[in-house]
Amino acid sequence: MKIFDVYPIFDIEPVKASGSYLWDKSGVQYLDLYGGHAVISVGHSHPYYVAKITEQLNKIGFYSNSIKISLQEELAEKLGKLSGCENYSLFLCNSGAEANENALKLASFENGRKKVVAIKKAFHGRTSLAVAATDDKSIVSPINEKSDVVFVGMNDESAIESAIDKTTCAVIIEGIQGVGGVKVPADSFLKKIKLLCEKNNAILILDEVQSGYGRSGKFFAHQYSEIKPDIITVAKGMGNGFPVAGVLISEKFNAKHGVLGTTFGGNHLACTAAIAVLDIIKNEKLVDNAIEMGKYITTEISSIKEIKEIRGKGLMLGIELNFNCNELRKQLLFEHNIFTGSASDKNTIRILPALNIRKTDIDVFIEAFSKVLTNQKQYT
Ligand SMILES: Cc1ncc(COP(=O)(O)O)c(C=O)c1O
């Protein structure tokens, strides 16, 4: 059997990883500023994380949601405390798309409506409703097309005012837009959305799949604006690579048996991975480190003349150059062994490292970045 070929890949195979570094089978070391797409939150193979998962696997790895799994309660309690969302309830699932799918479904169960307001260039995942609320026609198949989804420009306050009405089921917005090129919603935009949702009895869903878990320098990026969403979705950094995701559900929703469900969601190993991540984020003060290191990168590169704009917060940064950066990213990877991320906006490089990255690692990037900018090459 062959692998269904849907990913354009780099011909590099890491076989070992630690902290912010990866090694291939020939022992070549790579600096990871991409974190496997913002997934690696506490660093690769963190010893505490490895020990906790190993210990749990030796006890019990999985059983379905038909029995009591008290690790779920421990996870919910720790997540509530660290995120400041103690009044929310947690539904556990397996991926960002699934979290958004469940969030939209829950919203529709609540107010009985169908219309979704989303943001231009948004990415919410590849499943049915999540992809319908994603602004990329190339990944929406005819069966996913929904006439009930309206896209509004980021920070376009008059457009959002016209879009949200009494027929709106939900508004879904990323805490910081990731795939779209690290676009930050203004505080006033988020506050306006919150107000319009309240006025029209629409549900506000904050997709923190990429921008959450401390990456922005707050536990959730939307917390900069001090709004309280009805639903928050999380995945990526939650398990540091272990597939686990969550829907944080505010008090206005009543749980009813059977409305949501999944076989794998909230299993023993997934909960253990997610608890280990929270323990590390708390004990090592990684949210503070995300702010500090984000500021360090931004300051150090701010005078580079080829940079048009640096967007984002904490360790979710988009560096927009005044040209297409595809070749430059390849040069960083193949000449300097540094992984970075791309965006749908081809001029933007995404920087999404582990939250415990150090200044010395960032210095490696800054030196390489300056070199590739002064000596640009074409890769095929
Ligand atoms: C903001 C956002 N939401 C949802 C998703 C989908 O997550 P997953 O790939 O785990 O389904 C992504 C993935 O990149 C994302 O960036």
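In this text the structure is predicted, and so the values were computed from the model without any measurement.

The rules behind these values
Residues numbered from 1 in each chain as written. Predicted model: local features only at pLDDT ≥ 70, side-chain atom pairs only at ≥ 80, totals over all residues. Core = buried A, V, L, I, M, F, W, Y, C linked by C-beta atoms within 7 Å. Buried ≥ 20, exposed ≤ 12 C-beta atoms within 10 Å, placed from the backbone. Helix = DSSP H or I, 4+ residues; strand = E, 2+ residues; numbered from the N terminus. Domains from an automatic or database assignment. Contact = placed C-beta atoms within 7 Å. Pairing = 2+ DSSP bridges. Expected span 1.5 Å × (residues − 1). Near = placed C-beta within 6 Å. Nonpolar A, V, L, I, M, F, W, Y, C, P; charged D, E, K, R; others polar. Right-handed = clockwise from strand over helix to strand, strands pointing away.

Colleague: Would you mind going over the nonpolar core with me for this structure?
Modeller: Most often, soluble globular proteins have nonpolar side chains that are buried together. Judged by nonpolar contacts, the single largest core of 107 residues is most densely connected at Ala-170, Val-171, Ile-205, Ile-231, Ala-274 and Val-277. Among the elements that take part in this core, helix 8 (residues 268-283) stands out by supplying 11 residues, more than any other. Looking at which domains feed residues into this core, each of domain 1 (14-46 + 286-374) and domain 2 (47-283) gives three or more. Excluding residues that lie within four positions of it along the chain, Val-171 makes contacts with Val-117, Ile-164, Ile-193, Cys-197, Ala-202, Leu-204 and Ile-205.

Colleague: Teacher, can you tell me more about the domain arrangement of the chain here?
Modeller: Put simply, an interface is often sized by how much accessible area is lost when its parts join up. Partitioning the chain into domains gives domain 1 (14-46 + 286-374) and domain 2 (47-283). If you average the C-alpha positions of domain 1 and of domain 2, the two centres end up 25 Å apart. Opposite the 27 residues of domain 1 that make contact, domain 2 presents 31 residues. Of all the secondary structure elements, the ones that give two or more residues to the side of domain 1 that touches domain 2 are helix 1 (35-38), helix 9 (286-301), strand 11 (307-313), strand 12 (316-321) and strand 14 (348-351). The element best represented in the side of domain 1 that touches domain 2 is helix 9, accounting for five residues.

Colleague: Honestly, the sheet that holds strand 1 (residues 14-18) in this entry has me stumped. Any pointers?
Modeller: Within a beta sheet, neighbouring strands are joined by backbone hydrogen bonds and run either parallel or antiparallel to one another. The strand order 1-2-3-13 describes an open sheet built from four strands, whose pairing is mixed. Here the strands that pair on one side only, and so sit at the sheet edges, are strand 1 and strand 13 (338-339). Pairing geometry for strand 3 (residues 29-32) and strand 13, over two bridges, is parallel. Of the residues in strand 13, the one forming a bridge with Asp-32 is Phe-339.

Colleague: Can you help me understand helix 4 (residues 96-111) in this one?
Modeller: Between its first and last C-alpha, helix 4 extends 23 Å over 16 residues, near the 22 Å set by a 1.5 Å rise per residue. Every buried residue of helix 4 is accounted for by Gly-96, Ala-97, Glu-98, Ala-99, Asn-100, Glu-101, Asn-102, Ala-103, Leu-104, Leu-106 and Ala-107. Backbone geometry just after helix 4 places Gly-112 at a positive phi near 70°.

Colleague: So what exactly am I meant to see when it comes to the environment of Ser-108 here?
Modeller: On the secondary structure map, Ser-108 appears in helix 4. Spatially, the C-alpha atom of Ser-108 lies 9.3 Å from that of Ala-202, the residues being 94 residues apart in sequence. When near neighbours in sequence (up to four residues on either side) are disregarded, Ser-108 contacts Arg-113, Lys-114 and Cys-169.

Colleague: What is the right way to look at the site of the ligand in this model?
Modeller: Every one of the 15 residues lining the ligand counts as a neighbour, but Ser-95, Gly-96, Ala-97, Gly-125 and Val-209 are closest to it. Sort the elements by how many residues they give to the shell around the ligand and helix 4 lands first, with three residues. The class makeup of the residues in the shell around the ligand is five nonpolar, eight polar and two charged.

Colleague: It is not clear to me how the pairing of strand 7 (residues 168-174) should be interpreted in this structure. Could you clarify?
Modeller: On any regular strand, side chains alternate: one points to one face of the sheet, the next to the other face. Among the seven residues that make up strand 7, seven are buried, leaving the element largely enclosed by the rest of the structure. As judged from the three bridges shared by strand 5 (residues 115-119) and strand 7, these two strands associate in the parallel manner. The residue of strand 7 that forms the bridge with Val-116 is Ala-170. Relative to strand 8 (residues 203-207), strand 7 runs parallel, the two being bridged by five bridges. What sits directly across from Glu-174, in strand 8, is Asp-207. Taken together, strand 7, helix 7 (residues 187-200) and strand 8 constitute a β-α-β crossover, and its handedness is right-handed.

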